[in-house]
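# Breakdown of the fold
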Amino acid sequence: MSAGHLLVEVAGPLTTVQDLGRPGYAHLGVPRSGALDRPALLLGNRLVGNPPDAAGLEITLGPFAAVACRAGTVALTGAAAPLRVGGRPAPLNAPVPVRAGDRIEVGRAVLGLRAYLAADGGLALPPVLSSRSTDTLSLLGPPVLRPGDRLPLGPAAGKPAAVDVAPRAALGVPIVLGITWGPRADRFTDARMLGTAEYRIRSESNRVGARLSGPALTRADAGELPSEGIVLGAVQVPADGQPLVFLADHPTTGGYPVVAVVDTADLPLLAQARPGDTVRFRGRPQQ
């Protein structure tokens, strides 16, 4: 696409601009943010010929609709959701040509939760701390999208790719997350239960963290910890004993103990998890 914009008509429950985030600012209290399902955004950018760090849209559940004011290419990846371009059904995980004036429509996801819409040239919004990502916790970056928003597009950087067959996370299946124990596993009498019990995603989950419901973990020490650094994927256990897995918009410090940290490669599974989905953890036995 040459320079132009997308005109948002339907924004859905939560649609945000995301790229690969703003690492390196945790010491200032700024989370990394960025796409929750990074492989999905990377795939979309490859399909439309963008560099990996180009900004696209993260569409939670849907629906979403926008009009393209110029011709070019788009791709929808991540959650399985019906896509129509110019009134015609279009494939997922593939480059789709767009004519000037075409309406791009993304329906409600039928599997998974978050779809990623990439357009050639990427979204050319002003960066904040070197990123165009919307951070829902610190409110940095572009605001959550609303109908009537105009999203500027940059010039095309490369040619659309052929259909990409890179492996993608399975959708709609039980989720198993690899973990590394610690740093505060010793604060619980039954930390090992996390590696055997079944949990479910709670409806309060969001871009900050996936809240889980299941067997409560019991503290061996009722005393509170001083606040300490929190990393992406940290499994924090609040006072009610129900685990919380921190995602891209997580706070940079916290006082509740962290029993384990989820493997980074498994976090896209949580990005696509819906309330009620089953989650299990697997980790090395504690020494």
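For the structure itself, look to the data block above.
Here is a short report on the structure shown in this document. Only a predicted model underlies this, so the values are computations on that prediction, with no experimental measurement involved.

## Quick notes on the pattern of salt bridges
Applying the stated criterion across every chain, the model contains 10 salt bridges. The network of salt bridges with common partners includes Glu58, Arg114, Arg207 and Asp249.

## Considerations on unusual backbone geometry
Here the residue pair Gly62 and Pro63 is connected by a cis peptide bond, since its omega of 10° sits within 30 degrees of zero. Within the secondary structure, Pro63 sits in the loop between β3 (56-60) and β4 (64-68). Note the cis peptide between Gly182 and Pro183, where omega equals 10°. One can find Pro183 in the loop between β12 (175-181) and β13 (199-201). Positioned with a positive phi, Asn93 is a non-glycine residue whose angle comes to about 55°. With respect to the helices and strands, the residue Asn93 is situated in the loop between β7 (88-90) and β8 (96-98). A positive phi angle is found at Leu129, which is not glycine, with a value near 50°. Inspection of the secondary structure assignment puts Leu129 in the loop between β10 (111-119) and β11 (150-153). What makes Leu129 partly exposed here is its relative accessible area of 33%.

## Remarks on the nonpolar core
Among the nonpolar cores identified, the biggest contains 34 residues, and Leu194, Val245, Val259, Leu270 and Phe281 are the most heavily contacted of them. When residues of this core are traced back to their parent elements, those giving at least two are α1 (38-48), β12, β13, β14 (209-213), β19 (258-262), α2 (267-271) and β20 (278-283). Looking at this core element by element, the count peaks at four residues for β12. Once you skip the residues sitting within four places of it in the chain, Val259 turns out to touch Trp181, Gly182, Arg184, Ala185, Phe188, Ala191, Leu194, Leu217, Val235 and Val237. Formed by 30 residues, the second largest nonpolar core is a distinct cluster that contains Val8, Val74, Ile104 and Leu145.

## A closer look at the sheet that holds β10
Spatially, five strands are ordered β2-β3-β10-β5-β8 in an open sheet, and the strand pairing comes out antiparallel. One side of each edge strand has no neighbouring strand; the edge strands of this open sheet are β2 (14-18) and β8. Strand-to-strand, the axes of this sheet are offset by a mean angle of 25°, without reference to chain direction. As paired strands, β2 and β3 are joined by five bridges and run antiparallel to one another. Considered in β3, the bridge of Leu14 is made with Thr60.

The rules behind the values
Residues numbered from 1 in each chain as written. Predicted model: local features only at pLDDT ≥ 70, side-chain atom pairs only at ≥ 80, totals over all residues. Heavy atoms only, no water. Salt bridge = Lys/Arg side-chain N within 4 Å of Asp/Glu carboxyl O. Helix = DSSP H or I, 4+ residues; strand = E, 2+ residues; numbered from the N terminus. Buried < 20%, exposed > 50% of the residue type's maximum accessible area, 1.4 Å probe, protein only. Core = buried A, V, L, I, M, F, W, Y, C linked by side-chain atoms within 4.5 Å. Contact = heavy atoms within 4.5 Å. Pairing = 2+ DSSP bridges. Axes fitted to C-alpha atoms, helices over the stretch in contact; angles between N-to-C directions.

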